[in-house]
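# Chains, contacts and geometry: an overview
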Amino acid sequence: MFIIKDMRSIWRTLTPRLRRDILALAGACSVVGLSFGAIAASAGLAWWEPSVVSVLVFAGGAQFMLVGVVAAGGGVVAAVLGALVLNIRHLPFGLAIGDVIGKGLLAKLVGSHLMTDETVAFAMAQRDPRRARAVFWACGVALFLMWNVGTLVGALAGQVIGDTDAFGLDAAFPAALLALVLPSLKQPRVRTAALLGAAAALAATPFVPAGVPVLLSLVGLVVLARPATSAVTKEKEEVQV
């Protein structure tokens, strides 16, 4: 009852626009969760196993990575390492919104489990600390519930469908991921790094075990590690030439 009362208070703190955006995002999250559940079921997992993974892990990219690598015959080590690489971005996320989540140990433990790209983005977009905290928890709880509902429905449907590729369910997550990264690809260095990483992963795919190409794609970070040449420096070089 305390949790329900607290969530009602958080929900009232949000503006109608924020409520609408969170509900729309949660709906989209359920579709991606449905895709994960169906793919996991078609890969041979029991109907309840994807739901257990979604409750305990709650990380879309990492979950798809685990199921994809294992289904392709890859080892557990490669699957876990690939998932960790995908989720390493949560370290700076935690540093950025540590105060937003809450002060107590329980709040930080639960909040870190609910932390996703979307909850962090929604929270950091708020200038008022009280509203930022409300947005984080409202978004986190909504996404967690809808992701798990979608996973369960998808897993049950996957038992019946069998071939999820025929219905295009396997494309839901890549499409959502592409939508998230497209704005960043407008930056030349980020675009170059992404293309280099993708090329390395594709070139290595026929020769290495499943899961390893994702790790090899990290070579693209070399581009971002190089210091960018400032506009002033480029102008000086052009004048000298």
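Residues numbered from 1 in each chain as written. Predicted model: local features only at pLDDT ≥ 70, side-chain atom pairs only at ≥ 80, totals over all residues. Heavy atoms only, no water.

### Details of the nonpolar core
The biggest cluster of nonpolar side chains holds 33 residues, and the ones touching the most others in it are Leu14, Ile22, Ile97, Phe136 and Trp147. Contributions of two or more residues to this core are made by helix H2 (16-42), helix H4 (60-71), helix H6 (90-101), helix H8 (117-124) and helix H9 (129-161). Residue contributions to this core peak at 11 residues, all from H9. Among residues more than four places away in sequence, those in contact with isoleucine 22 are Leu14, Phe122, Val135, Ala138, Cys139 and Ala142. Core analysis: the next-biggest nonpolar cluster, separate from the first, contains six residues, Ala62, Met65, Ala79 and Ala83 among them. (Core = buried A, V, L, I, M, F, W, Y, C linked by side-chain atoms within 4.5 Å. Buried < 20%, exposed > 50% of the residue type's maximum accessible area, 1.4 Å probe, protein only. Helix = DSSP H or I, 4+ residues; strand = E, 2+ residues; numbered from the N terminus. Contact = heavy atoms within 4.5 Å.)

### A word on the pattern of salt bridges
Following the criterion strictly, the structure yields two salt bridges and no others. When the shortest N-O distance is used, the salt bridge between lysine 103 and aspartate 99 registers 3.8 Å. For the pair lysine 103 and aspartate 99, one class covers both residues: exposed. (Salt bridge = Lys/Arg side-chain N within 4 Å of Asp/Glu carboxyl O.)

### Quick word on H8
The periodicity of an α-helix, 3.6 residues per turn, causes residues three or four positions apart to be oriented the same way. If you check which residues of H8 are buried, you get Thr119, Val120, Phe122 and Ala123. Projected down its long axis, H8 shows its buried positions confined to an angular sector of 165 degrees, all on one face. Here the buried face of H8 lies against H2, H6, helix H7 (105-114) and H9. (Arc of directions from axis to C-beta.)

### Quick look at the packing of H8 against H9
Contact geometry of H8 with H9 gives a least axis separation of 8 Å together with a crossing angle of 160 degrees. With respect to H9, the axis of H8 lies roughly antiparallel. Relative to H9, the crossing made by H8 is right-handed. Across the interface between the two elements, Glu118, Thr119, Phe122 and Ala123 from H8 touch Ala132, Val135, Phe136, Cys139, Gly140 and Leu143 from H9. Taken together, the residues of the contact of H8 with H9 sort by class into seven nonpolar, two polar and one charged. (Axes fitted to C-alpha atoms, helices over the stretch in contact; angles between N-to-C directions. Parallel < 35°, antiparallel > 145°, perpendicular 65-115°, else oblique. Left-handed = near helix turned anticlockwise from the far one by under 90°. Nonpolar A, V, L, I, M, F, W, Y, C, P; charged D, E, K, R; others polar.)

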